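Okay, here's what each chain looks like letter by letter:
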There are 2 protein chains.
Amino acid sequence: MNEDLADLKGTERMTNSGYRLTPQRRHVYGILLQKKDHPTANEVFLRAKQALPDISMATVYNCLDALVQSGLVTQVNLDRGATHYCVNMEDHCHFHCDSCDGIFDVDYRSEWAKAQIPMPAGFSITHFQVALRGICSACAAHLNRSQVPRDGDPGRGENGVAIPIKIVGKEGPLGKGKSARPKQT
Amino acid sequence: MNEDLADLKGTERMTNSGYRLTPQRRHVYGILLQKKDHPTANEVFLRAKQALPDISMATVYNCLDALVQSGLVTQVNLDRGATHYCVNMEDHCHFHCDSCDGIFDVDYRSEWAKAQIPMPAGFSITHFQVALRGICSACAAHLNRSQVPRDGDPGRGENGVAIPIKIVGKEGPLGKGKSARPKQT
DNA sequence: GTCAAGATTTGGAATAATTCTAATTATAAA
DNA sequence: TTTATAATTAGAATTATTCCAAATCTTGAC
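From a predicted model like this one, the values you see are computed outputs, not experimental measurements. (Residues numbered from 1 in each chain as written. Chains lettered and ligands numbered in written order. Predicted model: local features only at pLDDT ≥ 70, side-chain atom pairs only at ≥ 80, totals over all residues. Heavy atoms only, no water.)

Caption draft 1: How the structure looks around the relation of the copies chain B and chain A. Relative to chain A, chain B is turned by 180 degrees and slid 0.0 Å along the rotation axis, the superposed coordinates differing by an RMSD of 0.0 Å. These values place the two chain copies in the arrangement generated by a two-fold rotation axis. Across chain B, the rotation axis passes nearest the C-alpha of V130 of chain B, at a separation of 2.2 Å. Mapped onto chain A, 100% of the interface residues of chain B are again interface residues, and the two copies thus contact each other with one and the same surface. (Least-squares fit on C-alpha atoms with pLDDT ≥ 70 in both. Contact = heavy atoms within 4.5 Å.)

Caption draft 2: Representation of empty space enclosed by the protein within the structure. For the coordinates displayed, the defined rule picks out 2 cavities of 30 Å³ or more. As a volume, the largest cavity reaches approximately 60 Å³. Lining of the largest cavity is provided by L32, K35, K36, D37, H38, P39, Y85, C86, V87, N88 and D105 of chain A. Here the lining of the largest cavity is composed, by residue class, of 5 nonpolar, 2 polar and 4 charged. Surrounding the second largest cavity, L32, K35, K36, D37, H38, P39, Y85, C86, V87, N88 and D105 of chain B form its lining. Of the residues that constitute the lining of the second largest cavity, the class distribution is 5 nonpolar, 2 polar and 4 charged. (1 Å grid on protein atoms, 1.4 Å probe; cavity = no way out; pocket = protein on both sides within 12 Å on 5 of 7 lines; lining within 4 Å. Points joined across faces, edges and corners; volume = space filled by probe spheres on them. Nonpolar A, V, L, I, M, F, W, Y, C, P; charged D, E, K, R; others polar.)

Shown next, in the form of structure tokens:
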């Protein structure tokens with residue numbers, strides 16, 4: 001199961017990073033492996049409570065930080081809203097759809113891109129992230145038709161899977177940090 | 001002066017984007033031009049109050065959003081903390097120093113990098129951002145000596161300028177979303 | 001010049017995200 | 001078993017951001 005996998009993969013990297021692999025950390029890691037939809041800390045917390053009713057929000061933040069520091073998870077900071085977490089440690093970038101707020105993993109080899117960056121002398125890079133924004137194929141298809149209110153929960157794509165969206169008579173739900181644009185004259 | 005420049009550059013792009021260039025928006029844009037140090041909304045607010053004592057936080061957020069929507073400013077989301085704002089609209093990426101929290105602009109032509117990304121059919125990219133993390137040259141130099149507490153305010157680099165830092169007897173001040181690592185045995 | 005409509009600003013409240021604190025529990029090493 | 005340290009917990013506090021209603025400002029029509 002995913003938590004077995006979490007056990008196998010997590011122990012070594014965590015203890016090597018100076019952290020203990022506690023039941024809570026194994027569980028949080030398992031949650032991230034189980035549904036790779038870039039959840040926020042709050043979503044992880046709600047999911048974690050199902051098997052660990054007494055887990056606290058502080059512990060979830062502690063677990064996520066430990067996983068990040070251990071190189072098992074990365075933070076994805078898209079806009080002014082809550083941070084998302086990604087458990088896919090293969091080289092890739094994230095695509096964020098401005099219409100449905102979906103987050104998609106996109107395969108991307110970054111070694112050569114890094115090599116092209118003219119870093120000033122003395123700087124050392126430890127992390128490299130590419131973030132894309134735009135409109136996913138599902139939303140593009142819908143926006144090319146008429147904008148009709150549709151049912152369906154906006155959510156986050158999982159490894160490129162298009163997802164149902166809700167269009168509400170204007171330019172989709174706005175991401176955090178994006179107030180409604182005035183009508184153009 | 002910078003606000004004159006803000007006036008010239010902002011008017012066209014804002015009205016073309018459906019926004020009015022109000023005195024508040026011009027002032028906020030001028031603040032970003034005046035000191036390109038990737039300030040947060042709160043820092044912009046504090047600076048803005050010096051010339052506009054009655055400006056409110058909601059207005060600052062509104063102004064920043066309008067500037068972003070108009071393509072005059074970009075959001076920089078580095079960690080779990082507050083969003084930063086960048087007024088440099090030339091193609092570049094950001095380097096975030098994990099030791100001093102400085103943010104540095106790094107020249108980087110991204111066109112060919114974009115071309116290398118295998119986007120699934122139907123996706124359209126409107127924004128592309130590269131984020132780097134690591135240790136800047138100044139912090140690397142200090143960390144290579146002994147870790148001695150030094151005075152000086154950590155701050156954000158401005159276009160690659162190294163800045164004084166404060167090392168506090170451990171691995172520098174931690175960024176948001178990074179609790180202290182336990183001592184390694 | 002007046003009026004209406006819509007955009008924007010304001011002050012403050014509310015919400016959301018995250019961090020902090022102190023006490024307790026768990027774990028590992030001696 | 002004891003001790004030291006890491007981790008968890010519950011809840012409070014802080015920070016970041018959004019929302020609301022009223023007021024103000026701006027623009028276009030008349």
